[in-house]
Every structure is written in C-alpha cells, then in structure tokens.
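Structural characterization, general
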Amino acid sequence: MPELPEVEITRRHLATALDGHTLTGVQVRHDRTARYNASPAEVESRLSLRRIENLGRHGKFLVADLDDGQVMVAHLGMSGRFTISNPGDEILLHTHFVAAFDDDQQVRFIDPRTFGFVAVFDDREESPLSRLGPDAWSDPPSAGELSARLRGRTAPIKALLLDQGPIAGLGNIYADEILHRSRIHPLTPGGRVRGEKAAVLLEATRDVLAMAIANGGTTLDDLAYLLPDGRAGENLSSLSVYGREDLPCPSCGTPIRRVLVRARSTHFCPSCQKSPRGVVTVSL
DNA sequence: CCTCCATCCTGTGGGC
DNA sequence: TGCCCACAGGATGGAG
C-alpha cells in the first residue's frame, strides 16, 4: 500500500523525468482515473502542452506545479504505480494514464483497483490538498502544534493518524509502526496524546519514515507496491508489528496482537503498548 | 464541529 | 483441483 515513503520514492524517480519538461500528449484511459467531476477529455486538454515546473508531494498526494498556475494532483490509491517508459513499450494491463513528454519519454500510471487518480485544479484550495494537515516528513508539526490538533478528540489515535487532518502521509502500515515505536496504544483517545507523548510520537514518526524511505519503501508479499523501475522496496523486514500477528515483538518477545480499529487491521504489542485507563481491547 | 460507517475496486488466498 | 467469497484499505460523503 503506497504511503508517504512509497510516494516520496516515486516522486524522486519521476522528478528527474518530469521537471522542466512539457507534456506533448496526454491520454486518460479509464473514466474513474479522472476524478472530481472532470472527464478524461477535460484532464487531457487541461494538461496538454503544459510544462511541469516542479514535482512535489503533500502527504500521499503527488503535486505538480504547471507553468500556467494549474496544479496537477495524483494519488496512487491502493494499487497505483507510475512508470517511466518509452513510446514503443508494451502497454500493461490496467494502464489508465499515459503522458508523453517533449523528450519522447512517457510517464504511465498503472492502477488495477482504480482507487488512484490524476486530476487538475486551478489552485490547491479547491483540491483535496486543502484538507491535509502538515506533512509528516517534509513539514512535521511541533509537539505543541500536534497536541493542539488532537486536543479534545475522543477518536482513537490510530484513526486520527489515518485521517490526514492532524498530520498527513501515514497509512495503515506506518501508523501501526509509529505507535509501536512510541509505545502508545492504538485505542488511546487522540486528546490524551499531548506533551511528552506527542513529542515521542513525532520522534517515532521521523525515525520510522526515515528508515522506510532509506529502504525504498515497503513491498508486501502481494507486490502491490513496486518502485517506478519495477523493483521491490526492501522495508518489509524492518517492520515491527504490521502483518506480524502472533509473531514475537522485536522489543520484548510478546506475541503481536491484531484488532480492528474503524474496520482497519491494527497491530500492536500488548506489553509495550499498554491499554490506557478505561479502554478495553476486544480480541478478533 | 465531531465520530463512525458505507462505498468505490480487483487480485489474492483460505476454505470447502 | 477448482470454485467461491471474504479480505485488503485511502479518501470521501453522508448519517447521527
């Protein structure tokens, strides 16, 4: 599942191919890949002949500034992957977007489950970027700022990390990893994460993301995420809890448990991450 | 405002 | 062996 580290790796790969280059032809090959009330034809025409000035990232969204002030926003969803290809390369199954550039290279978007998209907006305010909190990696909030964003929230901290509002970029894998490293129980009400706890959470966020990015991201057994050059990320063996139900906690040896939080699989160590007072954990 | 749920989708794998 | 179905989850819109 692409999360911040996987999107950041993708951004770095694509930036060299995109930055400063002009889109000579754009094909949106699947209706659902254009989103936000725009048709494939509209996305194609809005992107046509535009030059990409800079490819950035906010949370899990790729953000390209275009020469006319428009913003191209792409999301990998659950199964999306960008490739850099040559015009003659075979079009793989589930290729939903093809952008041709002035140097004859192509950037293609392959997305079997179509949760991902490529969209164009007049500015960031009218795009989904406007809902996002500060980026967990490039622009992390201070402990005070994170505490303020969590103040009064009763939802489980796990759910709030996935929300993208308090902090942007974390998904199910890294949220679990960060909470484990922070020794915070996933069902802890968000509002109780403040002060030193918030500082520890942010430190863990930095460490977990740094490791994941250095390892080229996490490729699970199902190979849902591959680097743009087709290689697998190597962060899987660095995970402490995600996907490790019943296996020993790397810190203390206690078997990792899995519960559902908001219908999402949540992995934690019951001894390192003590249940907060008044919170009952129900087994699956 | 908040919390929580259903919805979108396809490949995979477990169960029978 | 082969079929069926539950499961995986990011973002969003709506109910309460």
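Attention in this report is confined to the structure presented alongside it. (Residues numbered from 1 in each chain as written. Chains lettered and ligands numbered in written order. Predicted model: local features only at pLDDT ≥ 70, side-chain atom pairs only at ≥ 80, totals over all residues. Heavy atoms only, no water.)

Let us now look at the nonpolar core. In this structure, Ile157, Leu161, Leu170, Tyr174, Ile178, Val193 and Leu201 are the most contacted members of the largest nonpolar core, which totals 30 residues. Here this core gets eight residues from one element, more than from any other, and that element is helix α6 (residues 196-214). Leu170 has contacts with Glu3, Lys60, Ala136, Leu161, Leu162, Gln164, Ile178 and Leu209, leaving out every residue within four places of it along the chain. One finds Ala38, Leu66, Phe82 and Val120 within the second-largest nonpolar core, a separate group that totals 26 residues. (Core = buried A, V, L, I, M, F, W, Y, C linked by side-chain atoms within 4.5 Å. Buried < 20%, exposed > 50% of the residue type's maximum accessible area, 1.4 Å probe, protein only. Helix = DSSP H or I, 4+ residues; strand = E, 2+ residues; numbered from the N terminus. Contact = heavy atoms within 4.5 Å.)

This brings us to empty space enclosed by the protein. Empty space among the atoms becomes apparent when a probe as large as a water molecule is rolled across them. The tally for this structure, following the rule as stated, stands at one cavity of 30 Å³ or more. Looking at the largest cavity, its volume works out to about 110 Å³. As for the largest cavity, its lining consists of 16 residues, and the residues nearest its centre are Leu18, Leu55, Met72, Ala74 and Phe82. Counting residues per element, the ones that place at least two in the lining of the largest cavity are α1 (4-18), β2 (52-58), β3 (61-66), β4 (71-75) and β6 (95-101). Its residues assigned to classes, the lining of the largest cavity shows 16 nonpolar, no polar and no charged. (1 Å grid on protein atoms, 1.4 Å probe; cavity = no way out; pocket = protein on both sides within 12 Å on 5 of 7 lines; lining within 4 Å. Points joined across faces, edges and corners; volume = space filled by probe spheres on them. Nonpolar A, V, L, I, M, F, W, Y, C, P; charged D, E, K, R; others polar.)

A separate point is the packing of helix α3 (residues 143-150) against α6. Relative placement of two packed helices is described by the angle separating their axes and the distance separating the axes. One can describe the packing of α3 onto α6 by two numbers: an axis separation of 9 Å at closest approach and a directional angle of 110 degrees. Accordingly, the angle class assigned to the pair α3 and α6 is roughly perpendicular. Classified by chirality, the crossing of α6 by α3 is right-handed. Here Ala143, Leu146 and Ser147 of α3 come into contact with α6, specifically with Ala198, Ala199, Leu201 and Leu202. (Axes fitted to C-alpha atoms, helices over the stretch in contact; angles between N-to-C directions. Parallel < 35°, antiparallel > 145°, perpendicular 65-115°, else oblique. Left-handed = near helix turned anticlockwise from the far one by under 90°.)

Under the definition given, this model contains zero disulfides. Here Cys249 stays unpaired: no disulfide links it, and the sulfur of Cys269, its closest cysteine neighbor, is 3.8 Å away. In this structure Cys252 is a free cysteine whose sulfur lies 3.6 Å from that of Cys269, the closest cysteine sulfur available. Classification of Cys252 as partly exposed rests on a relative accessible area of 39%. (Disulfide = S-S within 2.5 Å.)

Turning our eyes to something else, we now look at the protein's contact with DNA strand B. Close contacts around DNA strand B come from Arg32, His94, Pro112, Arg113, Thr114, Phe115, Arg153, Thr154, Ala155, Pro156 and Arg262, and that covers them all. When the atoms of DNA strand B within 4 Å of the protein are grouped by moiety, sugar and phosphate amount to 72% of the total. With respect to DNA strand B, the side chain of His94 contributes an N or O atom lying 2.7 Å from a phosphate oxygen. Ala155 is positioned such that a nitrogen or oxygen atom in its backbone is 3.1 Å from a phosphate oxygen of DNA strand B. Residue composition of the surface near DNA strand B, grouped by class: four nonpolar, three polar and four charged. (Near = heavy atom within 4 Å. Polar contact = N/O pair within 3.5 Å; in protein donor to acceptor, adjacent residues only side chain to side chain.)

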